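Tertiary structure, described
Listed below, chain by chain, are the residues.
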Amino acid sequence: MPTLLKVQNVSKHFQLHIQNNKHIPALHDVSFEMDQGDILGLTGKSGSGKSSLMKCIYRTYLVNSGTIQLHTDSGAVVDLATANEHEVLKIRKTEMFYCSQFLSVIPRVPAVDVVAESLTRKGHDHAEARARARDLLDQLGLPQELWDAFPATFSGGEQQRVNVARAIIAAPRFLLIDEPTASLDAKTKDVVIDLVLALKARGTSVVLITHDQHTLERMSSRRLHLEFGRVRELATA
Ligand SMILES: Nc1ncnc2c1ncn2[C@@H]1O[C@H](COP(=O)(O)OP(=O)(O)OP(=O)(O)O)[C@@H](O)[C@H]1O
Ligand SMILES: [Mg+2]
């Protein structure tokens, strides 16, 4: 398969200005590649740098050094470490979707619209997007009486269902997903795994952070293990 992402010598630290410029290392000289269609499982203890690496790829964080080359759908190679904001926003809009660990709730938007928005943003018809959102929320086991309710008051597991639905409904080319199954029961976990595997079958590439061995074993084709911000192991599953 052709290359999707080539990360080379990425380092990232945080400087806490409120604490005498305290230096917090997060990533040190991280290099790896992934091919199109890979599901890369990102593992490591709490604080090892998993979310930071994902945020560097999504460009929520700027790296201190290194390159993050994305081979885009149009065949161009864009270094996400240095690309301008306009390029990054375009890539986020068209091919890269980030699903954070927790749903950041938009006030007074019903669950079904939070999910449908991923499709309408891409130009899909509103009614069709809502129908597909309902179908997906149903598959994920969100009770029907919650579809038109506001996710702000949902339980952790209910919010996670909305968050996952939002991430997968539009079948992004490249999905970054942080702990998608942490608050879910075993049955729903498997639904999520099957839905993501169905996306992979249609060509989606995935970086997946998980502490869950079952999710990792069923999903990932490759694994990247971080220890104190360094690559400890890169293996084909
Ligand atoms: N915005 C930030 N400002 C300051 N320090 C940060 C920031 N983001 C992450 N860190 C620090 O970077 C290190 C790596 O954090 P990160 O969130 O990447 O870990 P993680 O592997 O995702 O952990 P977990 O499994 O608990 O989610 C930690 O020491 C963390 O405190
Ligand atoms: Mg994290």
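Quick note: structure is the one above.
Read on for an overview of the structure. (Residues numbered from 1 in each chain as written. Chains lettered and ligands numbered in written order. Predicted model: local features only at pLDDT ≥ 70, side-chain atom pairs only at ≥ 80, totals over all residues. Heavy atoms only, no water.)

In this section: the pairing of strand S10 (residues 230–236). Of the strand pairs in this sheet, strand S9 (residues 222–227) and S10 are connected by six bridges, and their pairing is antiparallel. Along S10, the bridge assignment pairs Arg222 with Thr236. Between S9 and S10, which pair antiparallel and follow one another directly, the connecting turn spans two residues, one of which, Phe228, has a positive phi of 45°. (Pairing = 2+ DSSP bridges. Helix = DSSP H or I, 4+ residues; strand = E, 2+ residues; numbered from the N terminus.)

Time to look at empty space enclosed by the protein. For the coordinates displayed, the defined rule picks out one cavity of 30 Å³ or more. In this structure, the largest cavity is lined by Arg92, Lys93, Thr94, Glu95, Met96, Phe97, Ser118, Arg121, Lys122, Ala170 and Pro172. When contributions to the lining of the largest cavity are tallied by element, the ones reaching two or more residues are helix H2 (85–94) and strand S6 (96–99). The biggest single contributor to the lining of the largest cavity is H2, with three residues. In terms of residue class, the lining of the largest cavity is made up of four nonpolar, two polar and five charged. (1 Å grid on protein atoms, 1.4 Å probe; cavity = no way out; pocket = protein on both sides within 12 Å on 5 of 7 lines; lining within 4 Å. Points joined across faces, edges and corners; volume = space filled by probe spheres on them. Nonpolar A, V, L, I, M, F, W, Y, C, P; charged D, E, K, R; others polar.)

No statement about biological role is implied by the geometric values presented.
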